[in-house]
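# Summary of structural features
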Amino acid sequence: MDIDLIMRITAMLDEEKTYKIIKRQLADVQKKLQGQVRFDISMNEKKLKSESENVKKNISDLFRDQNIAVKLDLQKKDLQSNIDKFLKNNTRMTKELNSQFVALKKTIDKVDDTSDLSELEGKLSALKKEAIDTGQMGGQISDLFKSAAQMLSSLDIKGKIINQVKESIEELKGLDTILTEIGKTGNLTKAQLKQLGDSAFETASTYGKKASDYLTEIQKMASSGFTGKQGQAMAEQALLAQTAGNMTAEVANNYILAMNAAYKFNGEAKKLNEVIDGQNSISTRNNISLSNMAAAMTEIGSAASGYHISIEELSAMIGTIGSITHMEGSEIGSSVNSILNNLQNTGSADITDTLNAANVSMTELVNGSEKLRDPISILKELSAVYNQLGENDSLKGDILSSIGGNTQSEELDALLRNMETFDSMLTDYAQGSGSAMETAMMSANSWEGSLNQLSNTWTDTVNNIANSDTIISGINALNSLLEIVNKLTEALGPAGSIVLAGGLFAGFNNVGRVKKFTLIQICRQ
């Protein structure tokens, strides 16, 4: 056999033997190592758990100590703040007592225990009691004035007074212009104009309106031929309508004049007031505004008296149609006009034939003569027939088209279907005495009304300071008043300005003309 081959075979056998030996030895080592590792791991788990508990306890103790420290620090700061506030508000105390508070505040800074802090709290209470018992509470007078002056300065009292006087002077100039026109139209004397100007503030305030609103209404009434006391009374009714019905001055003025012309009230305020009360009562109890009723009355105008219908019935008719259709006042008035006119139109064969078909007559015999029936009687009879007809009955359509026309059929339908509402509104009208004033008072006490009242009071006060013989001849004095107020506020400063606003304007008018004139002259120097 080849020697090289024998050597290779021997080497391979030795290698396999060596491999088996090494493998066996490694297995023994592995067994020993496994037992040791399991033991070490078991020992480490117990140790880790113990260490974890210790760490947890240490963290808990740390947080507890930290919370106590933070809480103590907050209590100290709160107590020191209490001392600072007390010293600021009580500057009258002696230096000795003040120093005790200051020393206590410094001691608090050094405290590191809650029990010590409680003891210092007791000392603070004792010091406060001493300040109270010895009368050392409160501030110095000089401090109070300083604080008040700073506050007043920030409010710019002077500027506000001057602006208010400016506005009042402009208001008085406007009143002067209106009074001049009233004087020309109504031939009033200067004394009468002065009396009218003076009373305008109080009268207007009653309704939450400005004096200029009242005088403007008087001017309009004068232009319509109602002057003197009569014109003033009618103007007051216009203000009442404005406030109670929340309507514009133009609507109210037209309302009063149209109502007066339609029923020939001859400017009697009492009769006008009765209508406003009645219609306001209908308005407040039903779904229609007094403003819309006023606009409807204006639209109907003087034609109403020619229809042989009372003001109560006309009011209920307007109210019924308006509450059902929710139309604007002018539209309601136009519709009522058309319906009433058609019910008087004997020349229309279409209308008379329709009424005859419904067995309702437009006329009646009175003492042997044929006369027109009043339209409300016709409407009530027609309503009874109309409501018995079926929805598809041709007569129902004929009634609406012939009497209502192409544009008023909806309004006529609303009226014919709701005659019970009409009757109810007649009762509302009858129970309306004083209702307009009650409604007006609620509006007058509103935010806007109260501001107007305040404006009247201020402007009247400025007018009183001027104290000219009449507003008309006093405009120059009013213009110079602004300069007077400016000099006074500059001389007195912010604190004096508030005295000027609260005292001078409130009591100036009571010092008499001579003294007042003298003071004005001094202020002008």
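Below is a short write-up of the structure. Note that the structure is predicted; figures quoted are calculated from it, not measured.

What follows is about the overall build of the chain. What the chain contains, in helices and strands, is 22 helices and 2 strands. Here the chain holds 525 residues, and 39% of them are scored as buried. When contacts within the chain are restricted to residue pairs at least 6 apart in sequence, long-range pairs at least 24 apart make up 69% of them.

Time to look at the nonpolar core. Among the nonpolar cores identified, the biggest contains 82 residues, and Leu 215, Tyr 255, Leu 314, Met 317 and Ile 318 are the most heavily contacted of them. The element best represented in this core is helix 8 (residues 228-245), accounting for 7 residues. Setting aside residues up to four positions removed in sequence, Ile 318 forms contacts with Ile 288, Met 293, Ala 296, Met 297, Ile 300, Ile 332 and Val 336.

Before going further, it helps to spend a moment on unusual backbone geometry. With a phi angle near 60°, His 326 is a residue other than glycine that sits in the positive phi range. Mapping His 326 onto the fold places it in the loop between helix 12 (311-325) and helix 13 (329-342). The class of His 326 is exposed, set by a relative accessible area of 51%. At Asn 359, a residue that is not glycine, the phi angle is positive and equals roughly 60°.

Under the 1.5 Å per step criterion, the end-to-end length of helix 12 is 21 Å for 15 residues, consistent within 8% with the ideal 21 Å. Extensive coverage of helix 12 is indicated by the burial of 12 of its 15 residues. For helix 12, the complete set of buried residues consists of Ile 311, Leu 314, Ser 315, Ala 316, Met 317, Ile 318, Gly 319, Thr 320, Ile 321, Gly 322, Ser 323 and Thr 325. Looking at the buried residues of helix 12, the elements they touch are helix 10 (269-285), helix 11 (290-300), helix 13, helix 15 (375-386), helix 17 (409-417) and helix 18 (419-430). Remark: His 326 follows helix 12 within two positions and exhibits a positive phi of approximately 60°.

Turning our eyes to something else, we now look at the pairing of strand 1 (residues 363-366). Two strands pair when backbone bridges link them, and strand 1 and strand 2 (residues 369-372) are joined in this way by 4 bridges, in the antiparallel orientation. Bridge assignment links Thr 363 to a residue of strand 2, and that residue is Leu 372. Hairpin remark: strand 1 followed by strand 2, antiparallel, with 2 residues in the connecting loop; positive phi at Asn 367, about 55°.

Along the chain, Met 221 turns up in helix 7 (residues 211-223). A relative accessible area of 0% places Met 221 in the buried class. Not counting chain neighbours up to four residues away, the residues in contact with Met 221 comprise Phe 226, Gly 231, Met 234, Ala 235, Ala 238, Asn 253, Ile 256 and Leu 257.

This part covers the pattern of salt bridges. Throughout the structure, instances matching the rule amount to 7 salt bridges. Residue Glu 391 pairs with Lys 396 through a salt bridge whose shortest N-O separation is 3.2 Å. Given the relative accessible area of 5%, Lys 396 is considered buried. Here the salt bridges share partners, and the residues they tie into one network are Glu 391, Lys 396, Asp 413 and Arg 417.

Each α-helix turn comprises 3.6 residues. Residues three or four places apart therefore point the same way. The terminal C-alpha atoms of helix 10 lie 24 Å apart, and with 17 residues this matches the ideal 24 Å at 1.5 Å per residue to within 8%. Along helix 10, the residues that are buried comprise Ala 269, Leu 272, Val 275, Ile 276, Asp 277, Gly 278, Gln 279, Asn 280, Ser 281, Ile 282 and Ser 283.

What counts, and at which threshold
- Residues numbered from 1 in each chain as written.
- Predicted model: local features only at pLDDT ≥ 70, side-chain atom pairs only at ≥ 80, totals over all residues.
- Heavy atoms only, no water.
- Helix = DSSP H or I, 4+ residues; strand = E, 2+ residues; numbered from the N terminus.
- Buried < 20%, exposed > 50% of the residue type's maximum accessible area, 1.4 Å probe, protein only.
- Contact = heavy atoms within 4.5 Å.
- Core = buried A, V, L, I, M, F, W, Y, C linked by side-chain atoms within 4.5 Å.
- Expected span 1.5 Å × (residues − 1).
- Pairing = 2+ DSSP bridges.
- Salt bridge = Lys/Arg side-chain N within 4 Å of Asp/Glu carboxyl O.

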